[in-house]
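If you want the building blocks of each chain, they are given just below.
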Amino acid sequence: MSMFPKDAMRVLKETSRTFYIPITFLQKELKHSVASAYLVFRAIDEIEDHEELTNDVKSTILMQVSELFKQPFDNEAYLRILGSTKDQMPEVSLRLEDWLQACPKDVLPIVMNAACEMATGMAKWAKANWEIHTREDLDDYTYYVAGLVGVMLSDLWEHYGEAQTDRELAIGYGRGLQAVNILRNEKEDLDERSVSFVPDGWSRAELFEYADENLAKADEYMKSLSKKTILLFCRLPLALAHKSLKAMKEGREKISRAEVEQTVKEVQLH
């Protein structure tokens with residue numbers, strides 16, 4: 001029996017509003033597995049995303065952290081790796097050990113393996129200053145930050161005997177969500193981080209096409225799910241992505257809070 005910290009759901013709600021609601025739809029064991037996995041990913045993501053660290057520092061930290069996921073987690077080593085950056089890290093990153101301990105033991109290897117892969121990929125992209133030149137680059141980047149999460153979720157559904165799903169479609173699901181994020185944050189990424197996730201020679205039209213293509217895989221993925229709670233979990237982020245994409249195609253920046261709430265209701269009634 002893993003000890004699921006009472007405040008884990010609070011931290012999840014504070015750091016990931018998009019995924020907090022769908023995670024609450026899941027039943028106990030799966031809910032704890034997915035919640036702890038998302039907190040682990042968030043912890044890594046906050047390092048990758050940190051505004052005050054140089055790319056080299058990020059890359060070094062992430063590579064060292066990725067090694068920690070290959071054995072039983074050593075928190076002292078983790079804090080040593082963070083070193084003086086500790087004071088700048090948010091709670092979700094500092095408490096990485098808590099999230100790993102919260103994960104049900106039987107699926108901990110699945111989560112650790114995914115976290116290791118994510119940290120490695122993010123280290124590589126931080127080192128490359130997220131310079132995306134080709135579609136292959138975009139596919140690679142979106143795999144590490146989102147596609148592999150889809151694969152991990154598929155592994156969890158399978159572990160608990162709830163569904164057999166196509167991993168390629170799962171990767172498409174993750175990539176589709178990430179593509180919508182890239183479209184939404186394109187200007188901000190450029191202005192604030194001087195980063196562009198758009199391949200050379202692509203306009204927004206090609207990015208929209210990329211998002212559409214991957215969301216079509218996500219729609220296909222949904223067909224292999226039958227368990228109500230998992231369907232609800234997967235349906236909500238996908239519905240929000242479709243709506244956000246449509247809004248942006250119509251020239252709106254994003255969907256309103258009210259539209260989000262409406263979507264949550266629709267998904268639950270479906």
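Reference entry: report on the structure contained in this document. Computed from a predicted structure; not experimentally measured.

What about the packing of aromatic side chains?
Summed over the entire model, instances satisfying the criterion amount to 10 aromatic pairs. Pairing F73 with Y78 gives two aromatic rings, centres 5.6 Å apart and planes at 55°, and the pair type is tilted. Y78 sits in the buried class, given a relative accessible area of 0%. Across from the ring centre of W130, 4.8 Å away, lies the NZ or CZ of R193, which sits over that ring.

What about the packing of helix α4 (residues 55–68) against helix α5 (residues 75–82)?
Two numbers describe how α4 lies on α5: the axes approach to 10 Å, and their chain directions differ by 175°. Our classification of the angle between α4 and α5 gives roughly antiparallel. Every residue of α5 that contacts α4 at I61, Q64, V65 and L68 is listed here: A77, Y78, I81 and L82. Within the contact of α4 with α5, the residues separate by chemical class into 7 nonpolar, 1 polar and no charged.

Points about the environment of W99
Looking at the secondary structure, you find W99 in helix α7 (residues 96–102). When its relative accessible area of 0% is taken as the criterion, W99 is described as buried. Taking the C-alpha atoms as reference points, W99 and E131, 32 residues apart in sequence, are found 31 Å from one another. Beyond its immediate sequence surroundings of up to four residues, W99 is in contact with P5, A8, V11, S36, L39, V40 and V92.

What counts, and at which threshold
- Residues numbered from 1 in each chain as written.
- Predicted model: local features only at pLDDT ≥ 70, side-chain atom pairs only at ≥ 80, totals over all residues.
- Heavy atoms only, no water.
- Phe/Tyr/Trp six-rings, centres within 6.5 Å; stacked < 30°, edge-to-face > 60°.
- Buried < 20%, exposed > 50% of the residue type's maximum accessible area, 1.4 Å probe, protein only.
- Lys NZ or Arg CZ within 6 Å of the ring centre and 35° of its normal.
- Axes fitted to C-alpha atoms, helices over the stretch in contact; angles between N-to-C directions.
- Helix = DSSP H or I, 4+ residues; strand = E, 2+ residues; numbered from the N terminus.
- Parallel < 35°, antiparallel > 145°, perpendicular 65-115°, else oblique.
- Contact = heavy atoms within 4.5 Å.
- Nonpolar A, V, L, I, M, F, W, Y, C, P; charged D, E, K, R; others polar.

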